[in-house]
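Okay, here's what each chain looks like letter by letter:
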Amino acid sequence: MPAPRAAEPVLKVKSLVHLAYLVTIAIKGIDGAIETILGLLIWISGPARFNAFLLQFTAPELVENPSPRGFTEFLRNAASQLMDSSISFIVFYLLVHGILKVVLALVLLTGGGRWVYPVATFILTGFVGFMSFHLAEHWSNWVLVFALFDFVTLLLVLNECRKEKSHHLHHK
């Protein structure tokens, strides 16, 4: 009887890892959709109008809490940095990064085939590499969090690929 109990946690861990994979990929897709929408909004409205919208959007929060912390401060700082940055690069980055994430998430979540794993690995490695380079140039806790999230996503994709290959070999 002890043998089945020993096998239970392994099955549970595998299902938890797969659940983590699905949740992580879904978050990636949602994040990609948000980036795509932001890229389009900035491109269509222009950075000054987008900045004005964010300032107006966050104004009620600042009236209630004059010492801004957290998300409101993050939005305002991001909008301010946007005004000082190359808009064409930011729009290009948001659109390409966002669309890649959405497509990747959709293909991975719908089981689009084994071909997607090397592509996802390449794209995620590129994201992690780009953010690592950015961190070396200019430290940002936000970029670190996104880089770590992409790294964990990469590990989960590689694990899923390994499982898919093993499943495919055993069912030939």
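In this text, all values refer to a predicted model and were calculated from it rather than measured experimentally. (Residues numbered from 1 in each chain as written. Predicted model: local features only at pLDDT ≥ 70, side-chain atom pairs only at ≥ 80, totals over all residues. Heavy atoms only, no water.)

A. How the structure looks around the overall build of the protein. Helix and strand counts for the protein come out as 6 helices and 0 strands. Out of the 172 residues belonging to the protein, those deemed buried represent 30%. Look at the contacts in the protein between residues 6 or more apart in sequence, and 70% of them connect residues 24 or more apart. When the accessible surface of the protein is totalled, it reaches about 11,500 Å², and 72% of it is carbon and sulfur. (Helix = DSSP H or I, 4+ residues; strand = E, 2+ residues; numbered from the N terminus. Buried < 20%, exposed > 50% of the residue type's maximum accessible area, 1.4 Å probe, protein only. Contact = heavy atoms within 4.5 Å. Areas by Shrake-Rupley, 256 points an atom, 1.4 Å probe, with all protein chains shown as cover.)

B. Layout of helix H5 (residues 116–137). Helix length check: H5 (22 residues) gives 31 Å between terminal C-alpha atoms against 32 Å at 1.5 Å per residue, within 8%. Within H5, the full set of buried residues consists of Val 116, Tyr 117, Ala 120, Ile 123, Leu 124, Phe 127, Val 128, Met 131 and Leu 135. Along the long axis of H5, the arc covered by the buried residues comes to 135°, so they all point the same way. Among the exposed residues of H5, those pointing more than 90 degrees away from its buried face are Pro 118, Phe 122, Phe 133, Ala 136 and Glu 137. (Expected span 1.5 Å × (residues − 1). Arc of directions from axis to C-beta.)

C. Spotlight on the environment of Phe 146. When you line up the elements, Phe 146 lands in helix H6 (residues 141–170). For Phe 146, a relative accessible area of 40% corresponds to the partly exposed category. A C-alpha to C-alpha distance of 8.5 Å links Phe 146 and Val 128, two positions 18 residues apart in sequence.

D. Up close: the nonpolar core. Tyr 21, Leu 104, Leu 108, Tyr 117 and Val 157 are the most contacted members of the largest nonpolar core, which has 20 residues in total. Where this core is concerned, the elements lending two or more residues are helix H1 (2–45), helix H4 (87–109), H5 and H6. By residue number, the principal contributor to this core is H5, which donates 8 residues. Filtering out sequence-adjacent residues up to four positions away, Leu 104 remains in contact with Val 116, Ala 120, Ile 123 and Leu 124. Ranked by size, the runner-up nonpolar core spans 6 residues in total, among them Ile 42, Phe 50, Ile 90 and Leu 95. (Core = buried A, V, L, I, M, F, W, Y, C linked by side-chain atoms within 4.5 Å.)

E. Broad picture of the side chain of Thr 24. If you trace the backbone, Thr 24 turns up in helix H1. Dropping the residues within four chain positions of it, Thr 24 is found in contact with Phe 149, Thr 153 and Leu 156.

F. Focus on H4. Taking 1.5 Å as the rise per residue, H4 with 23 residues should run 33 Å; its terminal C-alpha atoms sit 32 Å apart, in good agreement. Taken together, the buried positions of H4 are Ile 90, Val 91, Leu 94, Leu 95, His 97, Gly 98, Lys 101, Leu 104, Ala 105, Val 107 and Leu 108. Immediately beyond the C-terminal end of H4, within one or two residues, lies Gly 111, with a positive phi of roughly 65°.

G. Region of interest: the environment of Ile 99. Checked against the element boundaries, Ile 99 lands in helix H4. What makes Ile 99 partly exposed here is its relative accessible area of 45%. It is 9.7 Å that separates the C-alpha atoms of Ile 99 and Ile 37, two residues lying 62 residues apart in sequence.

H. Spotlight on the confidence of the model for the protein. In the predicted model, the protein carries a mean pLDDT of 79, and the fraction of residues at 70 or more is 71%. Predicted confidence is poor over residues 6–13, with pLDDT under 50, and the contacts of this stretch with residues over four places away or in other chains come to 0 contacts. (pLDDT = per-residue confidence, 0-100.)

I. A nonpolar patch on the surface, seen in detail. A surface patch of nonpolar side chains, amounting to about 450 Å² of accessible area, comprises Ile 30, Ile 34, Ile 37, Leu 38 and Leu 41. Turning to its location among the elements, Ile 37 is positioned in helix H1. (Patch = residues over 30% accessible without salt bridge, like charges linked within 9 Å, V, L, I, M, F, W, Y side chains within 5 Å. Salt bridge = Lys/Arg side-chain N within 4 Å of Asp/Glu carboxyl O.)

J. Layout of the pattern of salt bridges. In this structure the tally under the stated criterion is 4 salt bridges. Two residues, Lys 28 and Asp 150, come together in a salt bridge whose shortest N-O distance is 1.8 Å. One end of the pair, Lys 28, is in helix H1; the other, Asp 150, is in helix H6, with 122 residues separating them in the sequence. Classification of Lys 28 as buried rests on a relative accessible area of 6%.

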